[in-house]
Amino acid sequence: MTSITRRDSLRLASASALAAPMILRAAPALAATNVLSGGFDVGPGGLPGKFNPLAATAGFTWLNLYYEPLVFYDPTLSHIGAGLALSFEAAADGLSYTFHLDPKAKWHDGTPFTSADVAFTIALAKDDKTGSIFSASLAPISAVEAPDAGKAVLKLAKPDTSLLDVLTKIMMLPKHALGSMAPASLAESAWWHTKPIGTGPFMFKSYTEGQFVQLSAFAGYRRGAPKLAGLVNRYFKSTADAVAALKAGEIQFTYIEPNDAKLFGTSAHDRVIAGASYVVNYVGFNHMIPLWKDLRVRQAVMHAIDRQAIVTSLLGGAATLADCAYTTGPALPAHLDAYPHDPAKAKQLLAAAGWDRINGAKPLPMITYYGDPLVGNILAAMQSMLGQVGIHIAPRQLDVATYNGLVRGAHTNPMDFPLTYAGAQDGPDPGVMATFFETNQAPPVGANVMRVAIPALDKQLTAAAAEVNDARRMALYRQAATTMNRELPWGFMWVARRYGVVADTVENFVWTPAPGGGGYDPSAQLWALKG
Amino acid sequence: MLRYLLRRTAAAALMLVLLSMVTFALLRAAPGDPIAAYVSPTIPMSARAIAALRHRLGLDLPLAEQYLLWAWHALNGNLGRSIGHGEIPVAMLIADRIGPTVLLMGTGILLSTGFGVVLGIVAAVWRGGTLDALLAGLGALALASPAFLTGLLALFLFAARWHLLPAGGLITPGGGGWADVAWHLVLPASVLAAAQIAMPLRYMRAAMIESLGTQYVRTARAKGLSPARVVLLHALRNALLPVVTLTGATIGTAIGGAVFVESVFDWPGMGSLLVSAVSARDYPLVMGIALVVGAFVLAANLVTDLVYAAVDPRIRIA
Amino acid sequence: MLRRPGGIAGGVFIVLLAAAAWGLPPLLGLNPDAVDLAAIHAAPSAAHWLGTDGVGRDVLARVLQGARVSLVIATVAAAISAAIGFLVGSGAAFGTLTDIVCMRAVDLAMTLPPAVLLLVLSAIVGQGERPTTMVLALLSWPLLARLVRARLLELREREFVLAAQATGAGRWHILRRHVLPNMADILIVYVTLQIATNVLMEAGLSFLGLGVPPPTATWGNMLGEARSIDVLTLYTWQWIAPGAALLATTLAIGLVGEAVRAGFDTGHA
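Residues numbered from 1 in each chain as written. Chains lettered and ligands numbered in written order. Predicted model: local features only at pLDDT ≥ 70, side-chain atom pairs only at ≥ 80, totals over all residues. Heavy atoms only, no water.

Side note on the overall build of chain B
Phase 1 of the analysis: Helices and strands together make up the secondary structure of chain B, namely 13 helices and zero strands.
Phase 2 of the analysis: In sequence order, chain B lays out its α and β elements as α-α-α-α-α-α-α-α-α-α-α-α-α.
Phase 3 of the analysis: Here chain B, with 318 residues, has 51% of them falling under the buried criterion.
Phase 4 of the analysis: Contacts spanning at least 24 positions in sequence make up 72% of the contacts within chain B whose residues lie at least 6 apart.
Phase 5 of the analysis: By element, 71% of the accessible surface of chain B is carried by carbon and sulfur atoms, the whole surface being about 14200 Å².
Phase 6 of the analysis: Side-chain charges of chain B comprise 21 positive and 13 negative groups, with the mean position of each set lying 14 Å from the other. (Helix = DSSP H or I, 4+ residues; strand = E, 2+ residues; numbered from the N terminus. Buried < 20%, exposed > 50% of the residue type's maximum accessible area, 1.4 Å probe, protein only. Contact = heavy atoms within 4.5 Å. Areas by Shrake-Rupley, 256 points an atom, 1.4 Å probe, with all protein chains shown as cover. Lys, Arg positive; Asp, Glu negative; His and termini not counted. Charge placed at Lys NZ, Arg CZ, Asp CG, Glu CD.)

Considerations on the overall build of chain A
Phase 1 of the analysis: What chain A contains, in helices and strands, is 18 helices and 19 strands.
Phase 2 of the analysis: For chain A, the C-alpha radius of gyration of 24 Å lies close to 24 Å, the compact-globule estimate for 531 residues.
Phase 3 of the analysis: Seen through its principal axes, chain A has C-alpha atoms that stretch 70 × 60 × 40 Å.
Phase 4 of the analysis: Taken across its 531 residues, chain A has 60% of its residues classed as buried.
Phase 5 of the analysis: Within chain A, contacts between residues at least 6 apart in sequence are counted, and of these 70% link residues at least 24 apart.
Phase 6 of the analysis: For chain A, the exposed area adds up to about 19200 Å²; of that, 57% sits on carbon and sulfur atoms.
Phase 7 of the analysis: Placing the 43 positive and 41 negative side-chain charges of chain A at their respective mean positions leaves the two points 3 Å apart. (Rg over C-alpha atoms; globule rule 2.2 N^0.38 Å.)

Description of the pairing of strand E1 (residues 35–39) of chain A
Residue and element names in this part refer to chain A.
Phase 1 of the analysis: A large share of E1 lies buried, amounting to four of its five residues.
Phase 2 of the analysis: The pairing of E1 with strand E10 (residues 230–234) spans four bridges and is parallel. Bridge pairing links Gly38 to Asn233 in E10.
Phase 3 of the analysis: In the sheet, E1 pairs with strand E11 (residues 253–256) via two bridges, with the strands oriented parallel. Within the sheet, the bridge partner assigned to Gly39 lies in E11 and is Thr254. (Pairing = 2+ DSSP bridges.)

Some thoughts on the interface of chain C and chain A
Phase 1 of the analysis: Taken together, the contacts link 16 residues of chain C with 21 residues of chain A.
Phase 2 of the analysis: Its largest share of buried area at the contact with chain A, chain C owes to C:Leu37, C:Ile229 and C:Leu234, together 28% of the area lost on that side.
Phase 3 of the analysis: Put simply, chain C and chain A have zero residue pairs in polar contact (both at pLDDT 80 or more) between them.
Phase 4 of the analysis: Residue composition of the side of chain C that touches chain A, by class: 10 nonpolar, three polar and three charged. (Buried area = accessible area lost by both parts, 1.4 Å probe. Polar contact = N/O pair within 3.5 Å; in protein donor to acceptor, adjacent residues only side chain to side chain. Nonpolar A, V, L, I, M, F, W, Y, C, P; charged D, E, K, R; others polar.)

As for the pairing of strand E9 (residues 212–217) of chain A
All names here are of chain A.
Phase 1 of the analysis: Counting buried positions along E9 yields five of six residues, so the element is predominantly enclosed.
Phase 2 of the analysis: As defined by bridge partners, strand E8 (residues 202–208) adjoins E9 across six bridges and the pair is classed as antiparallel. What sits directly across from Phe202, in E9, is Ala217.
Phase 3 of the analysis: Connecting E8 to the antiparallel partner E9 that follows it, the hairpin turn spans three residues, and Gly210 within it adopts a positive phi of roughly 70°.

Notes on the interface of chain B and chain A
Phase 1 of the analysis: Across the boundary between the two partners, chain B contributes 46 residues, which contact 51 residues of chain A.
Phase 2 of the analysis: When the two sides are added together, the surface that chain B and chain A hide from each other amounts to roughly 3900 Å², 60% of it contributed by carbon and sulfur.
Phase 3 of the analysis: Taken together, the links from chain B to chain A amount to one salt bridge.
Phase 4 of the analysis: The residue A:Asp399 makes a salt bridge to B:Arg281 at a minimum N-O spacing of 3.3 Å.
Phase 5 of the analysis: When residues of the side of chain B that touches chain A are traced back to their parent elements, those giving at least two are helix H2 (34–38), helix H3 (47–56), helix H5 (90–125) and helix H7 (147–161) of chain B.
Phase 6 of the analysis: In terms of residues, the side of chain B that touches chain A owes the most to one element, H3(B), which gives six residues. (Salt bridge = Lys/Arg side-chain N within 4 Å of Asp/Glu carboxyl O.)

Some words on the side chain of C:Glu202
Residues and elements named next belong to chain C.
Phase 1 of the analysis: Topologically, Glu202 is positioned in helix H7 (residues 171–207).
Phase 2 of the analysis: The side chain of Glu202 is buried and forms no salt bridge, while Arg62, the nearest opposite charge, is found at 11 Å.
Phase 3 of the analysis: Beyond its immediate sequence surroundings of up to four residues, Glu202 is in contact with Ser70, Ile73, Thr132, Leu136, Val212 and Thr218.

Considering empty space enclosed by the protein
Residue and element names in this part refer to chain B.
Phase 1 of the analysis: Enumeration according to the criterion identifies 10 cavities of 30 Å³ or more in this entry.
Phase 2 of the analysis: Along the wall of the second largest cavity there are 16 residues; nearest its centre are Thr101, Met105, Ile255, Met270 and Val293.
Phase 3 of the analysis: Grouping the constituent residues of the lining of the second largest cavity by class yields 13 nonpolar, two polar and one charged. (1 Å grid on protein atoms, 1.4 Å probe; cavity = no way out; pocket = protein on both sides within 12 Å on 5 of 7 lines; lining within 4 Å. Points joined across faces, edges and corners; volume = space filled by probe spheres on them.)

Regarding the packing of helix H5 (residues 129–156) of chain C against H7(C)
Residue and element names in this part refer to chain C.
Phase 1 of the analysis: One way to put it is that H5 packs onto H7 with a least axis distance of 10 Å and a crossing angle of 155°. Here H7 runs roughly antiparallel to H5, going by the angle between their axes. For the crossing formed where H5 meets H7, the hand is right-handed. On the side of H5, the interface is formed by Thr132, Val135, Leu136, Leu139, Ser140, Trp141, Leu144, Leu147, Val148, Arg151, Leu152 and Leu155, while H7 contributes Val179, Asn182, Met183, Asp185, Ile186, Leu187, Tyr190, Gln194, Asn198, Met201, Glu202 and Leu205.
Phase 2 of the analysis: Of the residues belonging to the contact of H5 with H7, the class tally is 16 nonpolar, five polar and three charged. (Axes fitted to C-alpha atoms, helices over the stretch in contact; angles between N-to-C directions. Parallel < 35°, antiparallel > 145°, perpendicular 65-115°, else oblique. Left-handed = near helix turned anticlockwise from the far one by under 90°.)

A look at unusual backbone geometry
All names here are of chain A.
Phase 1 of the analysis: Residue Pro428 follows Gly427 across a cis peptide bond; omega there is 5°.
Phase 2 of the analysis: Residue placement: Pro428 occurs in the loop between strand E16 (419–425) and helix H16 (434–437).
Phase 3 of the analysis: Cis geometry marks the peptide bond from Pro443 to Pro444; its omega dihedral reads 10°.
Phase 4 of the analysis: Mapped onto the elements of the fold, Pro444 is located in the loop between H16 and helix H17 (455–466).
Phase 5 of the analysis: The backbone of Leu77 sits at a positive phi, close to 60°, despite the residue not being glycine.

Side note on helix H8 (residues 178–196) of chain B
All names here are of chain B.
Phase 1 of the analysis: Taking 1.5 Å as the rise per residue, H8 with 19 residues should run 27 Å; its terminal C-alpha atoms sit 25 Å apart, in good agreement.
Phase 2 of the analysis: Along H8, the sharpest kink reaches roughly 40°, centred on Val186 and followed within four residues by the proline Pro188.
Phase 3 of the analysis: If you check which residues of H8 are buried, you get Asp180, Val181, His184, Leu185, Leu187, Pro188, Ala189, Val191, Leu192, Ala193 and Gln196. (Expected span 1.5 Å × (residues − 1). Bend = angle between axes of the 7 residues up to and from the residue.)

Some thoughts on the sheet that holds strand E6 (residues 141–148) of chain A
All names here are of chain A.
Phase 1 of the analysis: Reading across from one edge, E4-E5-E7-E6 is the order of the four strands in this open sheet, with antiparallel pairing throughout. The two strands at the open ends of the sheet, each matched to only one other strand, are strand E4 (85–90) and E6. On average, adjacent strands in this sheet sit at an angle of 20° to one another, irrespective of strand direction.
Phase 2 of the analysis: Pairing between strand E5 (residues 96–101) and strand E7 (residues 151–156): five bridges, direction antiparallel. Residue pairing in the sheet places Phe99 in a bridge with Ala152 of E7.
Phase 3 of the analysis: Helix-sheet contacts for helix H3 (residues 115–126) involve E5, E6 and E7, and the interaxial angle to E6 is about 165°.

Points about helix H1 (residues 2–29) of chain B
Phase 1 of the analysis: Between the first and last C-alpha of H1(B) there are 41 Å, a value that for 28 residues agrees with the 40 Å anticipated at 1.5 Å per step.
Phase 2 of the analysis: Within the span of H1(B), buried status applies to B:Tyr4, B:Ala12, B:Met15, B:Leu16, B:Leu19, B:Ser20, B:Thr23, B:Phe24 and B:Leu27.

Notes on the environment of B:Met105
Residues and elements named next belong to chain B.
Phase 1 of the analysis: As for its position among the elements, Met105 is in helix H5.
Phase 2 of the analysis: Separated by 88 residues in the primary sequence, Met105 and Ala193 have C-alpha atoms spaced 8.7 Å apart.
Phase 3 of the analysis: Excluding anything up to four places from it in sequence, Met105 contacts Leu192, Ile251, Ala254, Ile255, Ala258 and Phe296.

Focus on the confidence of the model for chain A
Phase 1 of the analysis: Here chain A averages 88 in pLDDT, and 93% of its residues register 70 or above.
Phase 2 of the analysis: Note on residues 1–31 of chain A: pLDDT is under 50 here. Beyond four places in sequence and across chains, it has 70 contacts. (pLDDT = per-residue confidence, 0-100.)

Concerning the nonpolar core
Phase 1 of the analysis: Of all hydrophobic cores here, the largest spans 204 residues; its most connected members are A:Phe99, A:Leu231, A:Phe509 and A:Trp527.
Phase 2 of the analysis: For this core, the element with the most residues is helix H13 (residues 283–311) of chain B, which contributes 10 residues.
Phase 3 of the analysis: Among residues more than four places away in sequence, those in contact with A:Leu231 are A:Val35, A:Leu36, A:Phe40, A:Trp62, A:Leu65, A:Phe202, A:Val213, A:Gln214, A:Leu215 and A:Trp527.
Phase 4 of the analysis: One finds A:Ile289, A:Trp355, A:Tyr369 and A:Trp490 within the second-largest nonpolar core, a separate group that totals 82 residues. (Core = buried A, V, L, I, M, F, W, Y, C linked by side-chain atoms within 4.5 Å.)

Observations concerning the confidence of the model for chain B
All names here are of chain B.
Phase 1 of the analysis: Looking at chain B as a whole, the pLDDT averages 83, with 95% of positions reaching at least 70.
Phase 2 of the analysis: Within chain B, helix H4 (residues 63–75) carries the highest mean pLDDT (91), whereas helix H11 (residues 227–265) carries the lowest (77).
Phase 3 of the analysis: Here the predicted complex scores 0.81 on pTM and 0.85 on ipTM.

So, the packing of helix H2 (residues 59–93) of chain C against H5(C)
Residue and element names in this part refer to chain C.
Phase 1 of the analysis: Taken N-terminus to C-terminus, the directions of H2 and H5 make an angle of 35°; their axes are 5 Å apart at the nearest point. Handedness of the crossing formed by H2 with H5: right-handed.
Phase 2 of the analysis: Of the residues that constitute the contact of H2 with H5, the class distribution is 20 nonpolar, six polar and three charged.

Pasting the structure below:
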């Protein structure tokens, strides 16, 4: 134990000595008092340099500080509640949602926020021409009504139980500022990174290309003026650089890697925040090829891989084993087959399935888009473990473009990717799994890149998505999860934990490693710096 | 002279057009496109959103039309917007990165040529001796060790072990100024220079040996001039010529070395920008960088030839 | 021909390296992919002479696998580029139109900054042993084409070629019987030096993650992992061993190449 501590502290010393952040000009004057600096776009939840919330697949940790959605998750991501709408109610048939807007809400230029802005924003987000990535997920909305300035009613053509989840990612945009712009010119507009206005506790101040963004306090914020005078979001080339900046006291917050979390956990000056990544890692079986038809082969893969050993030695224990797509929340069934590490059983299953006949010793490529050495090591471990039971894989780390080109391509030879190692967002709403598993979600329509086709699973997922009653809906997801566990459309591996660290001088700080970096209420008006 | 200049410039312009066509064709032959690089496999994007994005970026147009459109905009000084870097204009991104790269390469080439010339003279004057053999060995070692290996070693020794020099980046965060930049430049520029030094050293040595043997130098020596005067004033003037050409030709390979040095030392230059642009299939950005780097190399070649012509009276320019 | 002691030393090293790369693993039972999660980042010891890496793989086994991969890729790529360079160069020397086309192509290929070409090409052909070989082969032929063309233009005017042409010998016949033997020195020196260059470029591509992808061990891949501060400062054996192997190999091949070149030069003089 002592040796580990010594080694780690040496590592830390060298990290801070070595990793000089890559920036061109001087960092923003840190002399400004009462300003919190952080690496808000560091890590997988960040999207540095992108400012258009309609095109944002991530980066919500930062965007949520100056824009706000109608509804927010709570910081534990278990419940959707008030945002710009103080309350809302859904009709019993699930075909309309009424939102009661905060009467105190104002845009940063002082203009009141009204239901006209809601109608305007939804129309923009539904319009492909704006470059919105939400057009498909908002398609069920047939109309937005504004009976008065403080009330907005969303009418749906068919019930859509993930609508509220989507709405946590739709930042309200000002009609009076953007209404005159042609929707098609919106995506390339400089407005987003020069003078955007939102309703959040902080106002956009300036962006220095590739280096940092500055926000200043919005005194007229609906929930009270922020305690901080401003925020600075510094960009870093790597997490290690951000960690070095944190150690040097240049920033007070950043996302950190699990290895760093162990080091910071013992420090008296910082607080580590942990949370589920909501990304389930899996070994994908390409169902277009007959190799994986036999369930016993898929079970053998599960028994052959010592998931616990990989989590313990390579992931530093910072992950929860997954036996279906979910590892937390109401969609996780109580009893699942845990597929313990059992090479002997794996060999039996393979022999029974006639593996020697279907494939034998022929090497099977296992592709991934993760380029980091950690995943390289994970795949090497899998290669060795699977090799022991007679499944010979050849791991290939590709770039994202090549990976997507292969798995989403219409003319790809399926034998080019018999196996994948990938991740998929699995929450906080369990409904997000449908696009990975439903038969009709195969590319180019959805993200079912492994071409899973299990009719029972299709039926359960479709039924759950259409169920308006929350308790019954979750019961249906638990059934679907049980089917996943039994049928193994993927070889489920684990859900990693993600970490952030914040200096002890920061009070009331709210952050959680949510998918895409946000969707929850950061209550940033309460953030404060001690002393 | 003017006609020669015009002809060479026209040829260089033609090469640039060809270069852009080849880069364009090569890029489009690569698997995956900017959209494929943009879509996260973890957080899915709908088919409709993908199609809309493709349309907005003009990637659904016929290939020839895409190229002509790009060329037309480029002629008008508009290199388009980066796809991977938040749709920021390509020219702006390149402008931000070109300074550090020119600084790194310029210093590196200056160091390698300077030291190469001096050591080449030393080797030639004392040829056949221990010093000559030592320098020959040094040259062979420099040729054999890639910039990234030298860079790692330098990083390990000077930054991590002895804490003498900063490990990477252009400036200290919160710092800045010329002294700070120069301090950060020491390691990467030295590594780049070490990778480049073998050629000027060898060329200089060979040219000096030849020059020292000429009638002209022997006459100077016979006139009783001091050996130092003979070497520095008479022999060197003749021998410098091949080194001038070499320095021009070095620029192409120095750009290659710079990619690795930038990667090892987190130097915010064009090399690291190019690596990220290629892996993101950021078409406009790759095209822009290829154009700028190509123009730079062509201009360097042109200037080298002109200098060569000016220095060497034997070359007649029609 | 190998009168230079450096050339002999280089040659001996290459032979020993090849013998170790192909001979040692079966002898010592080394497996570059064998994972030992109980011995991660182990320092050199009797069990693992050069220590282990981040998943407990034997560094010696991986350095030797790197040697096999490097030598094969570099040699094959050098041979392919020699063939391309020879054909393009001789094609250029035999016709005015082909000369213009070929030499413009060579000019263009030499103008393209090698780094840009290397990166874009590797993105196109993808990563792996075969694609990397292709990239290296496609990158290096223009220089040889130039040399071959120059030598051919000189040879074309020689009597024996003129005589062969007069007797109505075909172009292929002349190329094979008269030209190739007179070109041997250029080709041999080129291939030798190109192998050294290819070893370096393969390592460079892999270092940037654009060459042979992990888990295949190559020296470039192993060095690339040293970009992580941990590996660079704490697990030095993981990058010093492949670095030393890379340096020694390119140095040795370079020495052999220089010796061969010197041998030919004195032979001609």
